[in-house]
Each structure stands twice: as C-alpha cells, then as structure tokens.
Amino acid sequence: MSYRILQQAAETRRSVYTLNKQLPLSVAETAQIVGHAVKHTPSAFNSQSTRVVVLFGAEHEKLWQFAENALRAIVPADRFEPTAQKLAMFKAAAGTVLFFEDQNIVKGLQEQFPAYAENFPVWAEHADAMHQYAVWTTLSAAGIGANLQHYNPLIDQDVAREWDIPASWTLRAQLVFGGVQAPVAEKAYEPLEGRFKVFGS
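Predicted, not measured: the structure shown is a model, and the values here were computed from it.

Undergrad: I'm lost on helix α6 (residues 120-141) in this one. Help?
TA: Every α-helix winds through 3.6 residues per turn, so residues three or four apart in the chain are directed the same way. With 22 residues, α6 should reach 32 Å at 1.5 Å per residue; the first-to-last C-alpha distance of 31 Å fits that figure. Those residues of α6 not exposed but buried are Phe120, Ala124, Ala127, Asp128, His131, Gln132, Val135, Trp136, Thr137, Leu139 and Ser140. One or two steps after α6, the chain reaches Gly143, where phi turns positive at roughly 85°.

Right under this line is the structure:
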C-alpha cells in the first residue's frame, strides 16, 4: 500500500458538524471500522486499555438527550438556545462513538511496574487519543463525516447507567458521525516553520 493513501486520508479528515443519518456504509461496515481500530491501534506496554462503545439510531439520540438534560440543569434558560441548536446538530447525525479508558488496566500496570507508575495514566490518554484519530480518519476515508466532543463528565452517570458501563471505565470523548450534509470550509494551517524541525538530513 502506498503511504500516500494514508497521507490523503489524514488530509481529508476534518471536523464536520452538519451531518445526517444517511451513512454511505451499512451499520455493520461502520461498526467494523471502529472495531478494526480498537484491535490494531497501539498502546504503551500493549496495555489495550481503551474501551469503545458505538451508538446508532435511537441509542445515539438518547445520548444527546442526556447531554441536553444535563446542560439544561446548569445553563440559564434564557441563554440555552445556542446550546440547544448545537445539541440538535449532534442528534441529527447517525451515531456516536464513545471512548473510555479502563482504569483497572492502568492501576494494574502501575502496580506491576512501579518505576513508571506516574506515566501510565498519561500513556493511557495517548492510547485513547490514537484510537480517536484512527477511527475518525478511517471514517473520513469512507466518506463519513465526524466531529469530536467532550461532554464528560456531565453525562458520565447517565451513560454508565444506560449502557451498563463498568465503573472502571472513564469516559474521555464522544465522536459524532453521519452522512455529510454540507461541505466544510477550507482549513487554515500555521506554517511548518517553528512547528517542525529536522536534524541530520
């Protein structure tokens, strides 16, 4: 496989907010993309501490209703309309991928390798981020738009109760995905100078 295929996938991955429920792939194919990333994304010490839940259809809409309920409790009613519009955009999508880190795995590694104990929580976050990127980029390559959200910990209790999430799983991010309803604007890039260095070439 040409490395340029991977580069092209990276270039086309964007935050797409105007989504619909018409996926270009079947639910099974979409779920397989996520499962493939869960299996093949690396993690420090091969910990495999990332846990992932995929919600489609009514289950996905339920998640964003939980978010709305939680936010209505803390955002003044007279200022809630922009929040309501944003949540409606998420709910209009086809699904959401929930990313978690299993703290039992992290704690077990801390006990097994005490010299690195303070690093394992950081490395777990690295692994979770790589899973998010792998799923997001592959969905994009398949023609599925997505955007990454972080409504944890506001929705943590509702999520855990509704989908029987183990207490050791800590919610880290929510990737909303769906059919692309409208194209995204051009992305601006800072110059590589100052952000990228090469030595010894």
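Having put the structure on the table, let's press on.
Undergrad: Any chance you could explain the packing of aromatic side chains here in plain terms?
TA: Centre distance and the angle of the planes are the two values used to describe a pair of aromatic rings. Within this structure, the stated rule accounts for 13 aromatic pairs. Geometrically, the ring pair formed by Trp64 and Tyr151 is edge-to-face, given 5.4 Å between the ring centres and 90° between the ring planes. Linking Trp64 in helix α3 (residues 57-72) with Tyr151 in the loop between β4 (145-149) and α7 (156-162), this pair joins segments that are 87 residues apart in sequence. Here Trp64 and Tyr151 have matching classes, each one buried.

Undergrad: Where do I start with the pairing of β4 in this structure?
TA: The side chains of a regular strand alternate between both faces of the sheet. Among the five residues in β4, four count as buried, and that is most of the element. Pairing of β4 with strand β5 (residues 169-180), which is carried by five bridges, proceeds in the antiparallel orientation. Bridged to Gln149 within β5 is Gln174.

Undergrad: Explain the pattern of salt bridges here, please?
TA: Pairs can form between side chains of opposite charge once their charged atoms are near each other. Applying the stated criterion across every chain yields a total of seven salt bridges. Glu59 is the salt-bridge partner of Lys62, the closest N and O atoms lying 3.2 Å from each other. Of the two residues, Lys62 and Glu59 both sit in helix α3, three residues apart, roughly one turn of that helix. Salt-bridge contacts for Asp158 lead to Arg161; the nearest nitrogen and oxygen are separated by 2.3 Å. With a gap of three residues between them, Asp158 and Arg161 both fall in helix α7, about one helical turn apart. Taking the relative accessible area as the measure of exposure, Asp158 reaches 19% and is therefore buried. The class for Arg161 is exposed, based on a relative accessible area of 58%. Bridged by salt links that share partners, the residues Glu59, Lys62 and Glu162 form one connected network.

Parameters and conventions
- Residues numbered from 1 in each chain as written.
- Predicted model: local features only at pLDDT ≥ 70, side-chain atom pairs only at ≥ 80, totals over all residues.
- Heavy atoms only, no water.
- Helix = DSSP H or I, 4+ residues; strand = E, 2+ residues; numbered from the N terminus.
- Expected span 1.5 Å × (residues − 1).
- Buried < 20%, exposed > 50% of the residue type's maximum accessible area, 1.4 Å probe, protein only.
- Phe/Tyr/Trp six-rings, centres within 6.5 Å; stacked < 30°, edge-to-face > 60°.
- Pairing = 2+ DSSP bridges.
- Salt bridge = Lys/Arg side-chain N within 4 Å of Asp/Glu carboxyl O.

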